[in-house]
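Spelled out, the chains give:
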Amino acid sequence: MAAAAELKLLEKSLGLRPGNKYSAQGERQVPVLQTNNGPSLMGLATIATHLVKQANKEHLLGSTAEEKAIVQQWLEYRITRVDGHSSKEDTHSLLKDLNSYLEDKVYLAGYNFTLADILLYYGLHRFIVDLTVQEKEKYLNVSRWFCHIQHYPDIRQHLSSVVFIKNKLYANSH
């Protein structure tokens, strides 16, 4: 999904009126927001943070200094590790690392839902939707987190719902 489309989903989930003008610049298609009263803003994390502040939902950026740093860390991770990596090997490496990280966490920043969860959800959607049932079971913590985020009000919107089977597929017959 293009960054402009993600930013429009984010706008809607934050309750902002649509109407921002987005474009993409350069070979990597870096998103650009043309603001009404100032310079253009560039970059997914920069624009997303601006939108969160515009919506007066700063709690999505973290509430403590440590949580704010963790949110920034995951926004950077999204841009450097998720975007632009499309090989199956890259995807599985990324999911393995994320699965390990989420082992004892509900959200990326611990126990609070943040902008990092929203943008990583959008960034991973195209990969998760194509996983087999067995792969989803292999990355159980990612699957749990992803399923939880997609059911958050106004986050998934028009994106396809990813089905996660909660029962064991194969029962012992002995």
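Above this text is the structure in question.
Since the model is a prediction, treat every value here as computed from it, not as a measurement.

A. Quick look at helix H5 (residues 115-128). An ideal rise of 1.5 Å per residue puts 20 Å on 14 residues; H5 measures up with 19 Å between its terminal C-alpha atoms. Along H5, the largest kink reaches about 35° and is centred on Tyr 122.

B. Quick peek at the packing of aromatic side chains. Counted according to the given criterion, the structure contains 9 aromatic pairs. Seen in terms of ring centroids, Trp 74 and Tyr 101 are 4.7 Å apart; in terms of plane orientation they differ by 55°. Their pairing is tilted. Residue Trp 74 is found in helix H3 (residues 65-82), and its partner Tyr 101 is found in helix H4 (residues 88-101); the two are separated by 27 residues along the sequence. Take Trp 74: its relative accessible area is 5%, and that puts it in the buried class.

C. Examining the pattern of salt bridges more closely. Using the criterion set out here, one finds 4 salt bridges in the structure. Between Glu 6 and Arg 78 there is a salt bridge whose closest N-O contact spans 2.8 Å. Highlighted residues: Glu 6 in helix H1 (residues 3-13) and Arg 78 in helix H3, separated in sequence by 72 residues. For Arg 78, the salt bridge is made with Asp 83, and the minimal N-O distance between the two is 2.6 Å. Residue classification places Arg 78 among the buried positions, given a relative accessible area of 3%. Several salt bridges converge on common partners, so that one network encompasses Glu 6, Arg 78 and Asp 83.

D. Looking closely at the nonpolar core. The biggest cluster of nonpolar side chains holds 51 residues, and the ones touching the most others in it are Leu 120, Leu 124, Ile 128 and Trp 145. Among the elements of the structure, H1, helix H2 (44-54), H3, H4, H5 and helix H7 (140-150) are those that each provide at least two residues to this core. When neighbours within four sequence positions are excluded, Ile 128 is seen to be in contact with Leu 95, Lys 136, Val 142, Phe 146, Val 162 and Phe 164.

E. Up close: the pairing of strand E1 (residues 21-25). With 5 bridges joining them, E1 and strand E2 (residues 30-34) adopt antiparallel strand pairing. Counted as the bridge partner of Ala 24 is Pro 31 from E2. Connecting the antiparallel pair E1 and E2 is a turn made up of 4 residues, with Gly 26 showing a positive phi of about 80°.

Cut-offs used in this document
- Residues numbered from 1 in each chain as written.
- Predicted model: local features only at pLDDT ≥ 70, side-chain atom pairs only at ≥ 80, totals over all residues.
- Heavy atoms only, no water.
- Helix = DSSP H or I, 4+ residues; strand = E, 2+ residues; numbered from the N terminus.
- Expected span 1.5 Å × (residues − 1).
- Bend = angle between axes of the 7 residues up to and from the residue.
- Phe/Tyr/Trp six-rings, centres within 6.5 Å; stacked < 30°, edge-to-face > 60°.
- Buried < 20%, exposed > 50% of the residue type's maximum accessible area, 1.4 Å probe, protein only.
- Salt bridge = Lys/Arg side-chain N within 4 Å of Asp/Glu carboxyl O.
- Core = buried A, V, L, I, M, F, W, Y, C linked by side-chain atoms within 4.5 Å.
- Contact = heavy atoms within 4.5 Å.
- Pairing = 2+ DSSP bridges.

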